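Overview (structure and organization)
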Amino acid sequence: MAGITSSAFRNICLDYKAGLVFSEMISDKGIMYDNKNTTDLLYLEEHEHPIAIQIFGSSVDTLVNAAIYVEKNTKCDILDINMGCPVPKVCIRSKAGSALMKNPQLIYDIVSNVVKSVSIPVMVKIRSGWDENSINAVEVAKLIEQAGASAITIHARTRSQGYSGKANWDIIKQVKESVSIPVIGNGDVIDEISAYNMLEYTKCDAVMIGRKALGNPFIFRRINQYLNNQNVTNTTTSEIKEVFIKHLNGLIKQYGEKTAVSIFRGIGPTYFKGFKDSSIIRSNLSQAKSYKEIIDIITLINN
Ligand SMILES: Cc1cc2nc3c(=O)[nH]c(=O)nc-3n(C[C@H](O)[C@H](O)[C@H](O)COP(=O)(O)O)c2cc1C
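Being a predicted model, the structure only gives us computed values, none of them experimental. (Residues numbered from 1 in each chain as written. Predicted model: local features only at pLDDT ≥ 70, side-chain atom pairs only at ≥ 80, totals over all residues. Heavy atoms only, no water.)

1. Here we look at helix α6 (residues 104-117)
Compared with the 20 Å implied by 1.5 Å per residue over 14 residues, the 20 Å span of α6 between its first and last C-alpha is a close match. Those residues of α6 that sit buried are Pro104, Ile107, Ile110, Val111, Ser112 and Val114. Turning to α6, the residues buried within the fold contact α4 (60-73), β3 (78-83), β4 (122-129) and α7 (137-146). (Helix = DSSP H or I, 4+ residues; strand = E, 2+ residues; numbered from the N terminus. Expected span 1.5 Å × (residues − 1). Buried < 20%, exposed > 50% of the residue type's maximum accessible area, 1.4 Å probe, protein only. Contact = heavy atoms within 4.5 Å.)

If you want it as structure tokens, here you go:
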């Protein structure tokens, strides 16, 4: 997730047994122009596996070049191509992300050429379709499989839905029935019960968690425990604080204190959602200027 799934956060998700983590989406052109903000997003830790790096773009050549660059310059396990982003800057201005859902032939050309250009597995993330009158995930998924992709993630909302409205899990089920490569279901998995329900209902091979992982990497432990018939571990305040500090330290390691603190002003409060004083915590954290100030704020939290 853009702005969220930094290396620091991904490592925590892996600690909590996420099966696979993804980078933020990374612009193919940004990679080619060697833009520092873009190439920073390719930063991985040595032990950060399995990891997919996700790229986005709208033309075969630039995506192929970016894919080759990623394979050559990172130790990622999988290359993922974004065909789901609904943000106007990406899908209207750049005709990338979910705009590709309107052009299945271009999807085929992109995927087949990227697959031919790299030796690591290639995955593609799609949406149900552009809008409710053009739901074409099954057609697109079949083309992606024919083009040689190793797996598909389907976010079961249309581009017009953005991130609201209900995800239509029937589409995930239909995609799963139509292809033989692994299908990862996405949309509205909010806890261990919904993860189980999605797996049962759609028969997809794995579930992807987006928003509910934010400030809550513990969700991966809960889901694994639930699916393995184990007791689900409830998170304590001290564990939350510990992970919060680990996340902040990971950001400082990569970006230095000033930038890390500024990134964390937005992300940090999500760890304390649902706490008695969550709005005060949010407001205090949003004004913090240093590592020490952040630590002082959370030391006072005991819920
Ligand atoms: C702030 C934000 C940033 C996101 N960035 C990306 C991204 O970079 N790449 C991507 O494939 N999906 C991205 N997504 C979409 C999520 O991965 C996911 O598909 C979507 O939120 C639906 O899943 P959920 O219901 O579990 O949140 C983003 C979503 C949000 C809310």
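2. What about the sheet that holds strand β5 (residues 151-158)?
Spatial ordering of the open sheet is given by β1-β2-β3-β4-β5-β6-β7, a layout of seven strands whose pairing is parallel. Two strands close off the open sheet at either side, each with one partner strand: β1 (21-27) and β7 (206-208). When strand polarity is set aside, the average angle formed by the axes of neighbouring strands in this sheet is 30°. Note: β1 against strand β2 (residues 51-56), five bridges, orientation parallel. (Pairing = 2+ DSSP bridges. Axes fitted to C-alpha atoms, helices over the stretch in contact; angles between N-to-C directions.)

3. Quick word on a positive patch on the surface
A cluster of basic residues, Arg211, Lys212, Lys273 and Arg282, forms a positive patch on the protein surface. Along the chain, Lys212 falls in the loop between β7 and α10 (218-227). (Patch = residues over 30% accessible without salt bridge, like charges linked within 9 Å, V, L, I, M, F, W, Y side chains within 5 Å. Areas by Shrake-Rupley, 256 points an atom, 1.4 Å probe, with all protein chains shown as cover. Salt bridge = Lys/Arg side-chain N within 4 Å of Asp/Glu carboxyl O. Lys, Arg positive; Asp, Glu negative; His and termini not counted. Charge placed at Lys NZ, Arg CZ, Asp CG, Glu CD.)

4. What about the environment of Asn303?
Locating Asn303 in the fold gives a position in the segment after α14 (291-299). For the pair Asn303 and Thr236, spaced 67 residues apart in sequence, the C-alpha separation works out to 9.9 Å. Excluding anything up to four places from it in sequence, Asn303 contacts Thr237, Phe275 and Lys276.

5. Focus: the packing of helix α11 (residues 237-255) against helix α12 (residues 257-267)
For the pair α11 and α12, interaxial distance at closest approach is 7 Å and the crossing angle is 140°. On the basis of the axis angle, α11 is oblique to α12. α12 is crossed by α11, and the crossing has right-handed handedness. Counted together, Phe244, His247, Leu248, Leu251, Ile252 and Tyr255 of α11 and Glu257, Thr259, Ala260, Ile263, Phe264 and Ile267 of α12 form the full contact between these two elements. Here the contact of α11 with α12 is built from residues that sort into nine nonpolar, two polar and one charged. (Parallel < 35°, antiparallel > 145°, perpendicular 65-115°, else oblique. Left-handed = near helix turned anticlockwise from the far one by under 90°. Nonpolar A, V, L, I, M, F, W, Y, C, P; charged D, E, K, R; others polar.)

6. A look at the site of the ligand
With respect to spatial proximity, 16 residues lie near the ligand, and among them Ala2, Gln54, Lys125, Asn186 and Arg211 are the closest. A distance of 3.1 Å separates an oxygen atom of the ligand from a polar atom in the backbone of Met25. Out of a free accessible area of 610 Å², the ligand has 84% covered by protein chains. For the shell around the ligand, the class distribution of residues is six nonpolar, six polar and four charged. (Near = heavy atom within 4 Å. Polar contact = N/O pair within 3.5 Å; in protein donor to acceptor, adjacent residues only side chain to side chain.)

7. Overview of the nonpolar core
Met83, Val114, Ile126, Ile144, Tyr271 and Phe272 are the most contacted members of the largest nonpolar core, which totals 83 residues. In contact with Ile144, not counting residues within four places along its chain, are Ile107, Val111, Val124, Ile126, Ala149 and Ile152. Counting seven residues, the second largest nonpolar core, distinct from the first, contains Phe22, Ala52, Met123 and Ile184. (Core = buried A, V, L, I, M, F, W, Y, C linked by side-chain atoms within 4.5 Å.)

8. A look at α7
Taken together, the buried positions of α7 are Ala137, Val140, Ala141, Leu143 and Ile144. On an axial view of α7, the arc spanned by its buried residues comes to 165°, and they lie on one face. Packed against the buried residues of α7 are α6, β4, β5 and α8 (169-178). Positive backbone phi, at 105°, marks Gly148, one or two positions downstream of α7. (Arc of directions from axis to C-beta.)

9. Some words on the side chain of Asn82
By the element assignment, Asn82 lies in strand β3. Taking the relative accessible area as the measure of exposure, Asn82 reaches 5% and is therefore buried. Polar contacts involving the side chain of Asn82 include one to the main-chain amide nitrogen of Cys85, which spans 2.9 Å. If we ignore the near neighbours within four places in the chain, the residues touching Asn82 are Met25, Gln54, Ile55, Phe56, Gly97, Leu100 and Lys125.

10. Observations concerning unusual backbone geometry
Here the bond from His49 into Pro50 is cis, since omega is -10°, no more than 30 degrees from zero. Checked against the element boundaries, Pro50 lands in the loop between α3 (36-40) and β2. Although it is not a glycine, Lys17 adopts a positive phi angle of roughly 75°. Along the chain, the position of Lys17 falls in the loop between α1 (7-15) and β1. Backbone geometry places Asp34, a non-glycine residue, at a positive phi of 60°.

By themselves, these are just geometric observations and shouldn't be taken as functional.
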